[in-house]
Amino acid sequence: MNPADSTAPAPAAEAGATRTVVILFGGRSSEHGISCVTAAGVLRAIDRTRFDVILVGITKQGATVLLQEEDLAGYALEAGALPEVRDNGTRVLWPASTATRALTLIDQHGALHSLGRVDAVLPMLHGPYGEDGTVQGMLDLVDLPYAGSGVLGSALCMDKHAVKTMLADAGIAVAPWRTVTRAQLEHDPFLVERLDEGLNYPLFVKPARAGSSVGVSRVTDAAELPAALETAFAEDRTVLIESGVAGREVEIAVLEGRGAERPRTSAVIGEIVFTGREFYDFEAKYLGAAGVELALPARVTDAEFAAIREAAVRAFEVAQCAGLARIDFFLTDTGPVLNEINTLPGFTPISMYPRLWEESGLGYTALITELVELAIAKRPAY
């Protein structure tokens, strides 16, 4: 199959049968609230003729609780506020071994209840302790199928330094950068004065392992670097300083292929158009801040689209991704430069990833079904 072909609807489950899916959301990262909004969107759209749903939330302290559908009714972005998973006193226990795929509930009174067998998990988690291979390793340990990349792909793409190193080694163009740790700066306080050597302003200072533009600063002068570093170090002990790249910011959606097929991409790309904001920060992405518009589909030539598509498929394979990814590029005069691979991209109904598939003929509900079916069909990691 051509990697640009959009996916066909997933095959129906056995007649009369439904599968049980866990929607897993919340988590300990600073992207907790966005994860909750994503989960609410998925819950509203998932095909209930195919799937029974168990809602498992992770509080900001790491407690795993059982929630009801009415708990998610108010999960939305309103007045700039983000929802939160509250500890209701329940605890969800994952399977004790690979011998069973059943979840167990400890209720508020300490009594045990079986939640039944689970066919797949949809980890709607963003950021550390969810998108970085942590949850994926736990699910692998008890042999629970899940949507998305495995431990290696998740961890690699979460670490901006590691993935850029691998992509560059594979011949995929990435923005010039350097990496620094807090320990290095403490050992050599004058290092901050040399961090911009060989890089071009404006610089973008980013935590190595965070998403949704949390902790990211745009720097136009060396005097702004110390404050930007502190903002990034609040999220991670390792920070990237990247050269600004002159080009259009475009995004393409990727889905794992079926069987031996190569990864598929959306039939269109999207573009982030700046109308007064300096970069696509957290407020613009999720809180409706002005100054950014999304062009969908973006205007590109056939040659430009082909170059972006091929680079995206190649990056998806090189980075050991599975399931889904949104891959972001700078489209320059000399071709696409890869910015980031997002293995668990924003997945609300208005997020770029599902919108790209919608424009390609695959609706939000069918996309969720495809991700569940891919998870169930996935070959063992070892």
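The rules behind these values
- All residue numbers refer to position in the chain's written sequence, counted from 1.
- Per-residue local features are limited, in this predicted model, to residues with pLDDT of at least 70; the limit for side-chain atom pairs, both in listing and counting, is 80 or more; totals at the level of whole chains, interfaces and linings are taken over all residues.
- Only hydrogens and water are removed before side-chain values are computed, so all heavy atoms of the structure are retained for them.
- Both site types are read off a 1 Å grid over the protein atoms alone. A 1.4 Å probe that fits but cannot get out defines a cavity, while an open set with protein on both sides within 12 Å along at least five of seven lines defines a pocket; lining residues have an atom within 4 Å of a point.
- Grid points are joined across faces, edges and corners, and a volume is the space filled by probe spheres set on the points.
- Gly is put with the polar residues, along with every residue not named as nonpolar or charged; the nonpolar set is Ala, Val, Leu, Ile, Met, Phe, Trp, Tyr, Cys and Pro, and the charged set is Asp, Glu, Lys and Arg.
- By definition, two strands form a pair when at least two bridges between them are found by DSSP.
- Runs of H or I in DSSP of at least four residues are treated as helices and runs of E of at least two as strands, each being numbered from the N terminus.
- Note on geometry: axes are C-alpha line fits, over the in-contact stretch for helices, and angles between N-to-C directions span 0 to 180 degrees.
- Note on contacts: a residue pair is in contact if any heavy atoms of the two residues lie within 4.5 Å.
- For the exposure calls, accessible area comes from a 1.4 Å probe over protein chains only, and a residue counts as buried if that area is under 20% of its type's maximum, exposed if over 50%, partly exposed in between.
- Each pair of aromatic rings taken from Phe, Tyr and Trp, with Trp reduced to its six-membered ring, is defined by centres within 6.5 Å and is described as stacked if the planes are under 30 degrees apart, edge-to-face if over 60, and tilted in the remaining cases.
- Side-chain atoms within 4.5 Å are what join buried Ala, Val, Leu, Ile, Met, Phe, Trp, Tyr and Cys residues into a set we call a nonpolar core.
- Here a helix's expected span is defined as the number of its residues, less one, multiplied by 1.5 Å.
- The term disulfide is used for any two cysteine sulfur atoms that are within 2.5 Å.
- Oblique is the label for any angle not covered by the other classes, which are roughly parallel (under 35 degrees), roughly antiparallel (over 145) and roughly perpendicular (65 to 115).
- In the sections that follow, a salt bridge refers to a side-chain nitrogen of Lys or Arg positioned within 4 Å of a carboxyl oxygen of Asp or Glu.

A.B. asks: Is there a simple way to explain empty space enclosed by the protein in this structure?
C.D. replies: Space left empty within the atom packing is revealed by a probe, the size of a water molecule, rolled over the atoms. This structure, assessed with the given rule, holds 1 cavity of 30 Å³ or more. The volume enclosed by the largest cavity comes to roughly 40 Å³. Lining the largest cavity are Thr-38, Pro-123, Met-124, His-126, Leu-324, Leu-344, Pro-345 and Phe-347. For the lining of the largest cavity, the residue count by class is 6 nonpolar, 2 polar and no charged.

A.B. asks: What's the story with the sheet that holds strand 7 (residues 120–123) in this structure? I'm lost.
C.D. replies: Sheet strands associate in pairs through backbone hydrogen bonding, adopting either a parallel or an antiparallel arrangement. Spatial ordering of the open sheet is given by 3-2-1-7, a layout of 4 strands whose pairing is mixed. If you trace the sheet from one side to the other, it starts and ends with strand 3 (64–67) and strand 7, each paired once. Shown here is a sheet whose adjacent strand axes are inclined to one another by a mean of 30°, direction ignored. Strands strand 1 (19–26), strand 2 (51–58) and strand 7 of the sheet are contacted by helix 10 (residues 364–377), whose axis makes an angle of about 125° with strand 7.

A.B. asks: Honestly, helix 3 (residues 151–158) in this entry has me stumped. Any pointers?
C.D. replies: Helical geometry note: an α-helix holds 3.6 residues per turn, so side chains three or four residues apart project in the same direction. Listed as buried for helix 3 are Gly-153, Ser-154, Leu-156, Cys-157 and Met-158. In the core, the buried residues of helix 3 are packed alongside helix 2 (134–141), helix 4 (160–169) and strand 17 (335–342).

A.B. asks: Would you mind going over the packing of aromatic side chains with me for this structure?
C.D. replies: Here the distance between the centres and the angle between the planes together describe a pair of aromatic rings. Scanning the model with the defined rule gives 2 aromatic pairs in all. Here the aromatic rings of Phe-347 and Tyr-353 are separated by 6.0 Å at their centres, their planes lie at 35°, and the arrangement is tilted. Each member of the pair, Phe-347 as well as Tyr-353, is classed as buried. Each ring, one from Phe-347 and one from Tyr-364, has its centre 5.6 Å from the other, and the planes form 40°; the classification is tilted. Of this pair, Phe-347 sits in the loop between strand 17 and helix 9 (352–359) while Tyr-364 sits in helix 10, and the two are 17 residues apart along the sequence. For Phe-347, a relative accessible area of 1% puts it in the buried group. Classification of Tyr-364 as buried rests on a relative accessible area of 11%. Here a set of aromatic residues connected by ring pairs shows up, and it is made of Phe-347, Tyr-353 and Tyr-364.

A.B. asks: Please clarify how the side chain of Asp-236 should be interpreted in this entry.
C.D. replies: For Asp-236, the location among the structural elements is in the loop between helix 6 (225–233) and strand 11 (238–243). Those residues in contact with Asp-236 that lie beyond four places of it in its chain are Pro-207, Ala-208 and Arg-209.

A.B. asks: Can you help me understand the nonpolar core in this one?
C.D. replies: Most often, soluble globular proteins keep nonpolar side chains buried together rather than apart. One finds Ile-23, Phe-25, Leu-72, Leu-122 and Phe-347 to be the most contacted residues of the largest nonpolar core, which totals 43 residues. The set of elements that each furnish at least two residues to this core consists of strand 1, helix 1 (32–45), strand 2, strand 3, strand 7, strand 12 (248–255), helix 9 and helix 10. If one sorts the elements of this core by residue count, helix 10 sits on top with 7 residues. Of all hydrophobic cores here, the second largest spans 26 residues; its members include Ile-269, Ile-308, Leu-331 and Leu-338.

A.B. asks: Which parts of the structure should I look at to understand the sheet that holds strand 5 (residues 102–106)?
C.D. replies: Strand order in this open sheet of 3 strands is 4-5-6, and the pairing throughout is antiparallel. Each having just a single partner strand, strand 4 (91–93) and strand 6 (112–117) make up the two edges of the open sheet. Strand-to-strand twist in this sheet, taken as the mean axis angle between neighbours without regard to direction, amounts to 25°. Across 3 bridges, strand 4 lies against strand 5 in antiparallel orientation. The residue bridging Leu-93 from the neighbouring strand is Thr-104, located in strand 5.

A.B. asks: Can you help me understand helix 10 in this one?
C.D. replies: With 14 residues, helix 10 ought to run about 20 Å at 1.5 Å a step, and its terminal C-alpha atoms sit 20 Å apart, in line with that. The buried count for helix 10 comes to 10 of 14 residues, which makes it a mostly enclosed element. What helix 10 keeps buried is the set Tyr-364, Leu-367, Ile-368, Thr-369, Glu-370, Leu-371, Val-372, Glu-373, Leu-374 and Ala-375.

A.B. asks: Explain the state of the cysteines to me, please; I cannot follow it from the model alone.
C.D. replies: Inspection of the entire model under this criterion finds 0 disulfides. Cysteine Cys-321 is unpaired, with the sulfur of Cys-157 as its nearest cysteine sulfur at 3.7 Å.

A.B. asks: Sorry, what's going on with the environment of Arg-309 here?
C.D. replies: Following the sequence through the fold, Arg-309 ends up in helix 8 (residues 302–318). The exposure class of Arg-309 is buried, given its relative accessible area of 15%. Arg-309 sits 27 residues away from Pro-336 along the chain, and the two C-alpha atoms are 9.7 Å apart.

A.B. asks: How do you make sense of the pairing of strand 7 when you look at a structure like this?
C.D. replies: Within a regular strand, side chains alternate between the sheet's two faces. Going residue by residue along strand 7, you find Ala-120 and Leu-122 tucked away on one face and Val-121 and Pro-123 tucked away on the opposite face as well. With 4 bridges joining them, strand 1 and strand 7 adopt parallel strand pairing. Of the residues in strand 7, the one forming a bridge with Val-22 is Val-121.

A.B. asks: I keep staring at the packing of helix 1 against helix 10 and nothing clicks. Help me out?
C.D. replies: When two helices pack together, their arrangement is given by the angle between their axes and by how far apart the axes lie. Packing of helix 1 against helix 10 brings their axes to within 9 Å, and their N-to-C directions diverge by 100°. Classed by the angle they form, the pair helix 1 and helix 10 counts as roughly perpendicular. The residues of helix 10 that touch helix 1, namely those facing Thr-38, Gly-41, Val-42 and Ala-45, are Tyr-364, Thr-365 and Ile-368. Classifying every residue of the contact of helix 1 with helix 10 gives 4 nonpolar, 3 polar and no charged.

A.B. asks: What am I meant to see in the pattern of salt bridges here?
C.D. replies: For side chains of opposite charge, pairing can occur when their charged atoms come near one another. What the rule picks out here adds up to 22 salt bridges. Arg-91 is the partner of Asp-87 in a salt bridge, and the nearest nitrogen-oxygen pair spans 2.9 Å. Judged by relative accessible area, Arg-91 falls into the partly exposed class, the value being 31%. Notably, a salt bridge pairs Asp-188 with Arg-194, separated by 2.7 Å at the nearest N-O pair. Owing to a relative accessible area of 22%, Asp-188 belongs among the partly exposed residues under this scheme. Using a relative accessible area of 33% as the deciding quantity, one classes Arg-194 as partly exposed.

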